[in-house]
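# Coordinates in review
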Amino acid sequence: MAEAHSAVAFSFSITHEGWDVNFDREVLHLVWASGIRSWKKRLARFKNNVRNGVFPAPLQSLWAMMGIVLALRYANNAFIKYTDIILQYLPGTSYIWQIVSCFILSLTFWLILIYIVRYTFKLMLMYKGWMYESRGGGHKVSLQTKLWALGIKLLSSKRKPLLYSYQGSLPKLPLPPVNETMKRYLKSVRPLMNDSEYESMVKLANEFEEGIAVKLQRYLWLKSWWSSNYVSDWWEEYVYLRSRTPLIVNSNFYGTDAIMLHSTSIQAARAAMIIWQCLQYRRLIERQELEPIRVQGLVPLCSWQYERIFNTTRVPGAVSDKIVHYNDSRHIVVYHAGRYFKVIIYSQNRILHPCEIEEQIQSILDNTEKPYAGEEKVAALTAADRTHWANTRTQYFFKGINRQSLDAIEKAAFVVTLDEVPYEYDPKNSKKLDEFGRILMTGKGYDRWFDKSFTLCIGSNGRVGFNAEHSWADAAVMSHLWEFIIFDEAKKSGADAPVMGHLWEHFLCGDLVVGYQENGHTKGAPELEPPKPIRLQWNLEPVLEAIEKSYQVSLALVNDIDLRILAFDDYGKGFMKTARVSPDAFIQMALQLAYFRDAGKFSLTYEASMTRLYREGRTETVRPCTLESSIWVKSMLDPKVDTNKRISLLREACATHQRGYQDAMCGKGIDRHLFCLYVVSKYLEVESPFLNKVLSEPWRLSTSQTPHGQTTQFDLRKFPNCISAGGGFGPVANDGYGVSYIIAGENLVFFHISSKKSSPHTDSNRFSVRIKEALNDMKSLHDDWDRSTKKPSS
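Residues numbered from 1 in each chain as written. Predicted model: local features only at pLDDT ≥ 70, side-chain atom pairs only at ≥ 80, totals over all residues. Heavy atoms only, no water.

### Let's talk about the sheet that holds strand E14 (residues 464-468)
Read across the sheet, eight strands follow the order E17-E9-E8-E12-E13-E14-E3-E22 without closing on themselves; strand pairing throughout is mixed. Each edge of the open sheet is held by one strand with a lone partner, namely strand E17 (534-535) and strand E22 (727-728). In the sheet, strand E8 (residues 331-336) pairs with strand E9 (residues 339-344) via six bridges, with the strands oriented antiparallel. Bridging from a neighbouring strand, His331 pairs with Ile344 of E9. Set on the sheet, helix H12 (residues 267-286) makes contact with E8, strand E12 (415-418), strand E13 (454-458) and E14; between it and E13 the angle comes to about 150 degrees. Seen against the sheet, helix H17 (residues 430-442) touches strand E3 (253-256), E13 and E14 and runs at an angle of roughly 140 degrees to E3. (Pairing = 2+ DSSP bridges. Helix = DSSP H or I, 4+ residues; strand = E, 2+ residues; numbered from the N terminus. Contact = heavy atoms within 4.5 Å. Axes fitted to C-alpha atoms, helices over the stretch in contact; angles between N-to-C directions.)

Shown next, in the form of C-alpha cells:
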C-alpha cells in the first residue's frame, strides 16, 4: 500500500562496498520533533506536579525560608547547633557545605510548614456547615461559617491555582453510619408503599441492620480508610464497565448547540472552529491552566475527571470493559458518508489554525470515494451488546489493517461526525428541536463511535452537538467543555445575534486572528499546507454478519426511542426565586405533580447530584419523591385544600428536597452507601434480601439538571442568547421517563423528555404537556396566594 510505503523512514542493505543506508530526513525530523514535544510535556507535567504538591504555598517561599535560615545561622550562635547536626552527615565542613546544611534545614522546615498548612486547609474543607446556611431559605450565616470563609480565603487566595492544585487538600468522602442510612431510606420509600408493604420493608431493614450489615460496614469502613474514595472505583466498574447492555440510549448522553445563535452555515468552517476550540481546551487541561471550579468562589470541586475528556476510549471486554487513556494524541478521526479519515491536527510543532483545519474538513466533504464493504456501519459494533463487540474485536480487529484503523480511532483525541442532514431549530415547530436531539442521541445507530469519550457532531447547516460516553466522567464535566466552547463563540459573535451572518469580534491567540469572514468561512490564510486526511483502510468482509447483528440491535433502540424537547418560556428562574424556594426544588415538585397526573401514582424518582466536594467524587442520588412532596401533590388535586395551605405544603416539600440535595452533596446520601454494601456482600457471597430488594427497585422517573455557569466568563445578563438548549439521555426503566432540564436564564427552561415507544405506560409528548400544566398550575397557585396576601391600597 502507498501509505505503508511512505511511512518507512529509513532502510539499509549490505553490499560488497559496505553499508548502504537510506533515510527520509523529513520523517526523522518529525520523529525528533515528536520526542522533543513529549519531553517538554513531561517536564511541564513534573513542574505542575511540584507546584500542586506544595499548594497553597508558592515555590518562591522556599527561597524565603532559605534566607531566614541563613540569616539565623550567621546572626545567632545558638542556631548554629542545628546546622552542625546536619554537617556531621555531610562530606565536609567548608563554607559550601555549610550552605548545603542550611538548605537542607530550610527545606525541612519548609516542608513541615507546607504540610501543616495543607492539612489545616484539608480540615477546613471538611466543614460543611456553610452548605446548610448560605443557600437561601432565610437562614442566617453563623459566626463560625464567617470565620471559616475568612480562613479559606486567606489560605487559598495567595496564588492562582492550577487545575489540580486542590486535589491533595480535598477530604475523603465520609462513610455514613448504617442506622442513619436506614432511617433515610425508610423515610424515602414511605410514600411509595401502603401500610403492609411498609411494615414488611421496615422488618427487612431492621433484620439487615442488626445482622449482616455490621460485617459489611466493617469491610466498607476499611475500604473508605484505605482508598481515595470508597464509592467511585466500584461505581465505575459495576454500574458502567460491567454492564453488557448497549451504550446507545442506555448509557451515552448528548448535548445541543446554542440554538439561538448561528455563526455560520458552512459545515467545514464551523467544524474547524469547534475542533480548534476543543484542542485549545485540551491544551488548557494539559498545562493545568484551566481554572478549577469553586463553589461560591471558595470551596473547590474535584477535578480528576477532566484528565480523561480527550484521548480516551472505552475498550470492550467479555466480562468487563476498561477505560484506556492516552497521554497524547496528534490526530482526530472524522467520519463522513460512511468513510473514516485520520486527520493530523499538529504540524511544525503547533496546532493547526482554524483556516487550515477547514481545508482538511472541506477536502473530506469533497471526497467522492465510496465506503469499503462494512465500513459505513462498523461503529454499530460499539452501539450494541458489549460482549458481542468484545468477541468480534478479538477475532477480527486484533491484527492487520483493521487493527491499524481501530487504533487510529481509539487513540484519536476525539471523533468528529460530519452529518449529511441539517440540525434545525424553529420556535414555531417544536418537532425540529425534537429531531435535533434525537439525531445527537442516536444518529442512525452506526454513525457515532459510541466508545470514544465523545463524538463531535456537525450538521450540514453548521449547527453542532455531541454524543458522550458516560463511564469516564459525569455530564457536568462534559458540560464544562461545551459551555467553554459555546459561550466563547457566542460572546465573540455578539451574543444577541439570532441568525447567521454576525461575525466574531476577533481575538488573538499569539499572532493568530480567529473568527469568521463575512462569507462564513474562517478568518486567516493558511501559513502551511496542512497534512492531508488519511483514509482509514478496512478488511471487513469477514465481519459483515457481526456488524449487521449489532446494527439490528441498535436500530431497534433507535426506532423505539421517543424524545420530546420542551422549551418552556412562560417563566423561568426569575419567578421561581420570587416564590422563595430553590429553582431546582421547584422544578422537581412540578415533575412529581406531572408524573402523578400521568401515571396515577408516585414512583421512585432519581435525581443526580454531585459529590465532587470530596476527592474523586462523582454522583449521589437525591430522592425527590418524599412524604412532603406527596402530601403537596395530593393537595393540588383536592379542591377542598385552600391556597395558603398548598403554598405552605409546597414550601415544606421544597425545603425537604433542598435538605436532601445538601445531604447528598455532603456524603449523607442513601443509594451509594447501599450500593457499596451490596458489592461487599457479593464479594463475601452473602445474600441479603433487603439489599436485593433495594437494588432491584426501578427508577421510573430519572431526572438530572444540566449545570451551567461553570466558566468564569459566563454571564447570561450580558449575553442572554448564548445558552445551550442542554442535553439529555434515555429512560432508565423500559416503562419510565428520562428527564433532563436546564434553567436557561430568567425566563426559559428546556426539558428533554425520553421514553420507550414500546411501553404502553409512557408517552413523551403527553408527559411534556403534563409538565407544562404543572408549572402553570404552580404559577397560578403563587399568583392566587400573592393576591390574597396583599393589603388593599389606601
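### Description of a nonpolar patch on the surface
Taken together, Trp221, Leu222, Trp225 and Trp226 make up a surface patch of nonpolar side chains, about 590 Å² in accessible area. Tracing the chain through its elements places Leu222 in helix H10 (residues 212-226). (Patch = residues over 30% accessible without salt bridge, like charges linked within 9 Å, V, L, I, M, F, W, Y side chains within 5 Å. Areas by Shrake-Rupley, 256 points an atom, 1.4 Å probe, with all protein chains shown as cover. Salt bridge = Lys/Arg side-chain N within 4 Å of Asp/Glu carboxyl O.)

### Here we look at the confidence of the model for the protein chain
Per-residue confidence for the protein chain averages 88 on the pLDDT scale, and 88% of its residues sit at or above 70. In the predicted structure, residues 1-10 sits below a pLDDT of 50 and forms 13 contacts with residues beyond four places in sequence or in another chain. (pLDDT = per-residue confidence, 0-100.)

### Thoughts on the side chain of Ser740
Locating Ser740 in the fold gives a position in strand E23 (residues 737-743). Discounting residues that sit within four places of it in the chain, Ser740 has contacts with Ser704, Thr706, Gly727, Gly728, Phe729, Phe750, Phe751 and His752.

### Examining unusual backbone geometry
The phi dihedral of Val249 is positive, around 70 degrees, even though this residue is not glycine. Note that Val249 resides in the loop between helix H11 (232-241) and E3. Here Val249 falls in the buried class, since its relative accessible area comes to 1%. Backbone geometry places Gln296, a non-glycine residue, at a positive phi of 55 degrees. Residue position: Gln296 is located in the loop between strand E4 (294-295) and strand E5 (299-300). (Buried < 20%, exposed > 50% of the residue type's maximum accessible area, 1.4 Å probe, protein only.)

### Structural notes on the sheet that holds E23
Spatial strand order, E18-E24-E23-E21-E19-E20: six strands in an open sheet with mixed pairing. The outermost strands of the open sheet, each flanked by one partner alone, are strand E18 (561-568) and strand E20 (619-622). Direction aside, the axes of adjacent strands within the sheet are offset by 20 degrees on average. Here six bridges tie E23 to strand E24 (residues 749-756), and the two strands are oriented antiparallel to one another. Paired with Tyr741 across the two strands is Phe751, which belongs to E24. Lying on the sheet, H17 is in contact with E18 and E24; it crosses E18 at an angle near 130 degrees.

### So, the nonpolar core
Most often, soluble globular proteins keep nonpolar side chains buried together rather than apart. Residues Tyr306, Ile309, Phe414, Phe454 and Phe690 are the most contacted members of the largest nonpolar core, which totals 120 residues. Among the elements that line this core, the one with the most residues is H12, at twelve residues. Beyond its immediate chain neighbours, meaning those up to four positions away, Tyr306 contacts Leu163, Tyr164, Tyr281, Ile285, Leu290, Ile293, Val477, His480 and Arg612. Counting residues in hydrophobic clusters, the runner-up holds 42 residues, among them Ile587, Leu650, Val739 and Val749. (Core = buried A, V, L, I, M, F, W, Y, C linked by side-chain atoms within 4.5 Å.)

### Overview of the packing of aromatic side chains
Per the counting criterion, the structure on display carries 34 aromatic pairs. For the ring pair Trp234 and Tyr683, a centre distance of 5.9 Å and an interplane angle of 40 degrees mean the geometry is tilted. You can see Trp234 sitting in helix H11 and its partner Tyr683 sitting in helix H24 (residues 671-683), a full 449 residues away along the chain. Chaining the aromatic ring pairs together yields one cluster made of Tyr335, Tyr340, Trp389, Phe397, Trp449 and Trp538. Directly above the ring of Tyr198 sits Arg190, whose terminal nitrogen or CZ lies 4.5 Å from the centroid. Above the face of the Trp235 ring, Arg672 is positioned so that its terminal group lies 3.7 Å from the ring centre. (Phe/Tyr/Trp six-rings, centres within 6.5 Å; stacked < 30°, edge-to-face > 60°. Lys NZ or Arg CZ within 6 Å of the ring centre and 35° of its normal.)

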